[in-house]
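# Structural overview for review
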Amino acid sequence: MLSGLNTRQTLAIAFLVLWVTILWVPRSADALPAPLDFEAFDTPNDGGESLTIVFRPDLSVPERHYFIYMSPDPGGEFRQVAEVIPTAHAKANRRTPWWAGRWSADFTLYQIRSTDTLALENGRSYFLKLVVKEQKESSETEIHSAVPRANLFNFSLLNNFLLMSLFTGTVFLSIAYARKNPNLFLRRIAGLDAVEEAVGRATEMGKPILYLTGSDGMDSLSTIAATVILGEVAKKVARYDTTLKVPHRDPVVMAVCQEIVKEAYLAMGRPDAYKEDSNFFITLDQFSYTAAVDGIMLRERPAAILYMGFYYAESLLLAETGAGTGAIQIAGTDSDTQLPFFVTTCDYTLIGEELYAASAYLSREPVLVGTLRGQDLGKAFLLGVVVLGTLLATAGQVLQTDVFSYVLDLFRDFK
């Protein structure tokens, strides 16, 4: 057919056929370059049932899509388990502690975790590959195997372990120091100093002391603190032979307080002066209890009323009635919503953590005093870190230097 053509015409037809072939014949599936530095490994510092893949995508081509395929058998059928968006799963976006090392922003990290439709078993090998697709073209990486395992220690939280160890050591050293120095200084708390005055006034007037432990049960920290303070108040009451009344709205709290008051009288050498009815139960209902206690205040006119523990809407109803009787009122609570009412109606108010410090302040027990001192040292350390971080952040914004930015990254990631 082409025998009648000359050499020039034959070459022209050959180039035309080659051009059409290049334009219209689909390229092979391996035309796209595979992602570089593809790795698959067990996710570190976790409880298992998780794998991590890392690769370096070509961010200059946003049209490319990356898919993870997995199979429990290298020769078996691979199925798609996830689509990875490089910009959304960039390694640089993951906040890790500074000791865990830094990854380039070019890398992408994705974690495959067990779900309802995908179950990963610890100790079993899984085979993974990454497939890149762009329009009708695709390419894939070599197959990598990884085995999910549970790790015994989460090294990304090493800072928490070090801080906990430092704080625990500080508390133990403070307790040892308090045992050697019984008169260890504690900041004066006016409300606790007034307890002695309140008990003395009740003794002189021959009137009872009314002590309330709050509205929560024994699972509340503020209730526990209130019962501990009750023990110290009961010792002073036993010493001066004053009447103590403790109405309750929780039977469990009542049982605990009965034992605490009995032990206080025994410790003061006056077990015969203890009265079983000093602790008594009223009702579980909030406002029925409030009405009953208000009635006790108006009938018996106690010389001193102590509100310790956690309170709700009944706080103002109780404290306002007590103020009308002319009693010395001392309150202590960590309920920030009720503190304004106590501050307004009571003579003295223990605010927040002063309630927890009260037992150590009144008893001077070395273990309690040492624990309180250790906690204060820990708070001072954390406050210093916050102040230093604030100064560095401010200086970094003003000076715009890489040194401050790096230091800020260390503090920001130390969590």
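Just so it is clear, the model here is predicted, and its values are computed rather than measured.

## Quick word on unusual backbone geometry
Excluding glycine, most residues fall at negative phi; most peptide bonds, likewise, are trans. Backbone geometry places Q135, a non-glycine residue, at a positive phi of 55°. With respect to the helices and strands, Q135 occurs in the loop between β6 (126-134) and β7 (137-140). The backbone of R301 shows a phi angle near 50°, a positive value even though the residue is not glycine. Counting through the fold element by element, R301 comes out in the loop between α6 (286-300) and β12 (304-308). Taking relative accessible area as the criterion, R301 reaches 34% and is therefore assigned partly exposed.

## Some thoughts on helix α9 (residues 354-363)
Burial runs high along α9: eight of the ten residues are buried. Taken together, the buried positions of α9 are occupied by E354, L355, A357, A358, S359, A360, Y361 and L362. Those residues of α9 that are buried are in contact with α3 (190-205), α4 (221-240), β12, β13 (328-333), β14 (348-351) and α10 (366-399).

## A word on the packing of α4 against α9
As a packed pair, α4 and α9 sit with axes 8 Å apart at the nearest point and diverge in direction by 25°. Here α9 runs roughly parallel to α4, going by the angle between their axes. Crossing hand, α4 versus α9: left-handed. Note on element contacts: α9 touches α4 through L355, Y356, A358, S359, L362 and S363, opposite L221, S222, A225, V228, I229, E232 and K236. By residue class, the composition of the contact of α4 with α9 is eight nonpolar, three polar and two charged.

## Overview of the sheet that holds strand β11 (residues 279-281)
An order of β11-β10-β9-β12-β13-β14 is seen for the six strands of this open sheet, with the pairing classed as parallel. The outermost strands of the open sheet, each flanked by one partner alone, are β11 and β14. For this sheet, the mean angle separating the axes of adjacent strands, direction not counted, is 15°. Bridge count for β12 against β13 is five bridges, and the pairing is parallel.

## With respect to the pattern of salt bridges
Under the criterion given, the structure shown has 14 salt bridges. The partner of R187 in a salt bridge is E354, with the nearest N and O atoms 3.1 Å apart. Of this pair, R187 sits in the loop between α2 (158-180) and α3 while E354 sits in helix α9, and the two are 167 residues apart along the sequence. Ionic pairing is found between K236 and E196, a salt bridge with its closest N-O pair at 3.0 Å. Taken together, the residues K236 in helix α4 and E196 in helix α3 connect sequence positions 40 residues apart. Given a relative accessible area of 13%, K236 falls into the buried group. Under the relative-accessibility criterion, E196 is labelled partly exposed at 30%. Overlapping salt bridges, with partners in common, bring together D58, R64 and E134 in one network.

## Re the pairing of β14
Sheet topology note: the β13/β14 ladder contains four bridges and is parallel. Bridge assignment links G332 to a residue of β14, and that residue is L350. One crossover worth recording links β13 to the parallel β14 by way of helix α8 (residues 339-345), and it is right-handed.

## Regarding a nonpolar patch on the surface
On the surface, L152, F153, F155, F161, L162 and M164 cluster together into a nonpolar patch covering about 690 Å² of accessible area. Its place among the elements puts L162 in helix α2.

Rules of the game
Residues numbered from 1 in each chain as written. Predicted model: local features only at pLDDT ≥ 70, side-chain atom pairs only at ≥ 80, totals over all residues. Heavy atoms only, no water. Helix = DSSP H or I, 4+ residues; strand = E, 2+ residues; numbered from the N terminus. Buried < 20%, exposed > 50% of the residue type's maximum accessible area, 1.4 Å probe, protein only. Contact = heavy atoms within 4.5 Å. Axes fitted to C-alpha atoms, helices over the stretch in contact; angles between N-to-C directions. Parallel < 35°, antiparallel > 145°, perpendicular 65-115°, else oblique. Left-handed = near helix turned anticlockwise from the far one by under 90°. Nonpolar A, V, L, I, M, F, W, Y, C, P; charged D, E, K, R; others polar. Pairing = 2+ DSSP bridges. Salt bridge = Lys/Arg side-chain N within 4 Å of Asp/Glu carboxyl O. Right-handed = clockwise from strand over helix to strand, strands pointing away. Patch = residues over 30% accessible without salt bridge, like charges linked within 9 Å, V, L, I, M, F, W, Y side chains within 5 Å. Areas by Shrake-Rupley, 256 points an atom, 1.4 Å probe, with all protein chains shown as cover.

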